[in-house]
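Structural characterization, general
Residue-level listing of the chains:
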Amino acid sequence: MNLAQLCLQSQRYTEALSWAEHALHYAPDHALARFLKAQSLRLLGRRSAAAEILYELLSEPTATPNCSPTSAAFHIALPLEAIQRELKLLNDSMSATSAAASPLSG
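Since this is a predicted model, take the numbers as computed values, not measurements.

Thresholds applied
Residues numbered from 1 in each chain as written. Predicted model: local features only at pLDDT ≥ 70, side-chain atom pairs only at ≥ 80, totals over all residues. Heavy atoms only, no water. Axes fitted to C-alpha atoms, helices over the stretch in contact; angles between N-to-C directions. Helix = DSSP H or I, 4+ residues; strand = E, 2+ residues; numbered from the N terminus. Parallel < 35°, antiparallel > 145°, perpendicular 65-115°, else oblique. Left-handed = near helix turned anticlockwise from the far one by under 90°. Contact = heavy atoms within 4.5 Å. Nonpolar A, V, L, I, M, F, W, Y, C, P; charged D, E, K, R; others polar. Salt bridge = Lys/Arg side-chain N within 4 Å of Asp/Glu carboxyl O. Buried < 20%, exposed > 50% of the residue type's maximum accessible area, 1.4 Å probe, protein only. Patch = residues over 30% accessible without salt bridge, like charges linked within 9 Å, V, L, I, M, F, W, Y side chains within 5 Å. Areas by Shrake-Rupley, 256 points an atom, 1.4 Å probe, with all protein chains shown as cover. pLDDT = per-residue confidence, 0-100.

Two elements in contact, helix H1 (residues 2-9) and helix H3 (residues 31-43), have axes separated by 10 Å at closest approach and are oriented at 25°. Considering their axes alone, H1 and H3 lie roughly parallel with respect to each other. Considering the relative orientation of H1 and H3, their crossing is left-handed. Residue-level inspection shows Ala 4, Gln 5 and Leu 8 of H1 in contact with H3, the latter providing Leu 32, Leu 36, Gln 39, Ser 40 and Leu 43. Split into classes, the residues belonging to the contact of H1 with H3 amount to 5 nonpolar, 3 polar and no charged.

Turning next to the pattern of salt bridges. A complete count under the given rule lists 5 salt bridges for this structure. Between Glu 56 and Arg 34 there is a salt bridge, with its nearest N and O atoms 4.0 Å apart. Of this pair, Glu 56 sits in helix H4 (residues 47-58) while Arg 34 sits in helix H3, and the two are 22 residues apart along the sequence. Residue Glu 56 is classed as partly exposed on the basis of its relative accessible area, which comes to 36%. The closest approach of N and O atoms between Lys 88 and Asp 92, which form a salt bridge, is 3.0 Å. Of this pair, Lys 88 and Asp 92 both sit in helix H5 (residues 80-101), 4 residues apart, roughly one helical turn.

A separate point is a nonpolar patch on the surface. Together, Leu 3, Leu 6 and Trp 19 give the surface a local cluster of nonpolar side chains, amounting to about 270 Å² of exposed area. Positionally, Leu 3 belongs in helix H1.

Despite not being glycine, Gln 11 shows a phi value in the positive range, around 60°. Tracing the backbone shows Gln 11 in the loop between H1 and helix H2 (13-26). A relative accessible area of 60% places Gln 11 in the exposed class.

Interhelical geometry of H1 versus H2 gives an angle of 165° and a closest axis separation of 8 Å. On the basis of the axis angle, H1 is roughly antiparallel to H2. Classified by chirality, the crossing of H2 by H1 is left-handed. From H1, Leu 3, Ala 4, Cys 7 and Leu 8 reach across to H2, where they touch Tyr 13, Glu 15, Ala 16, Trp 19 and Ala 20. Looking at the contact of H1 with H2 residue by residue, the classes come out as 8 nonpolar, no polar and 1 charged.

Moving on, we come to the confidence of the model for the protein. When the pLDDT values of the protein are averaged, the result is 83; 75% of them are 70 or greater. Looking across the protein, the model is least confident in H5, with a mean pLDDT of 85, and most confident in H2, with 96.

Structure (structure tokens):
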């Protein structure tokens, strides 16, 4: 997942998605890998797929206010606030796209 994070920071979103998916191949329920995949998808304009993952992360049955669960061999805390912040960015980008596509009235 460090490679996915580095790719995101370098604005190499397709490569970040690839690394996140690679991690998920080995640990399909890993919260951080799912989060990084959602970020990559959002930045690639695949907003509905990103939203689906983020809402899944929010609805985890064992989620706590401080972190979401992971089934990986080691625990990585993923703060609920990070998921909520990513959803806000996603919603903001969807609103901006909708506003740009709407014809001006008047």
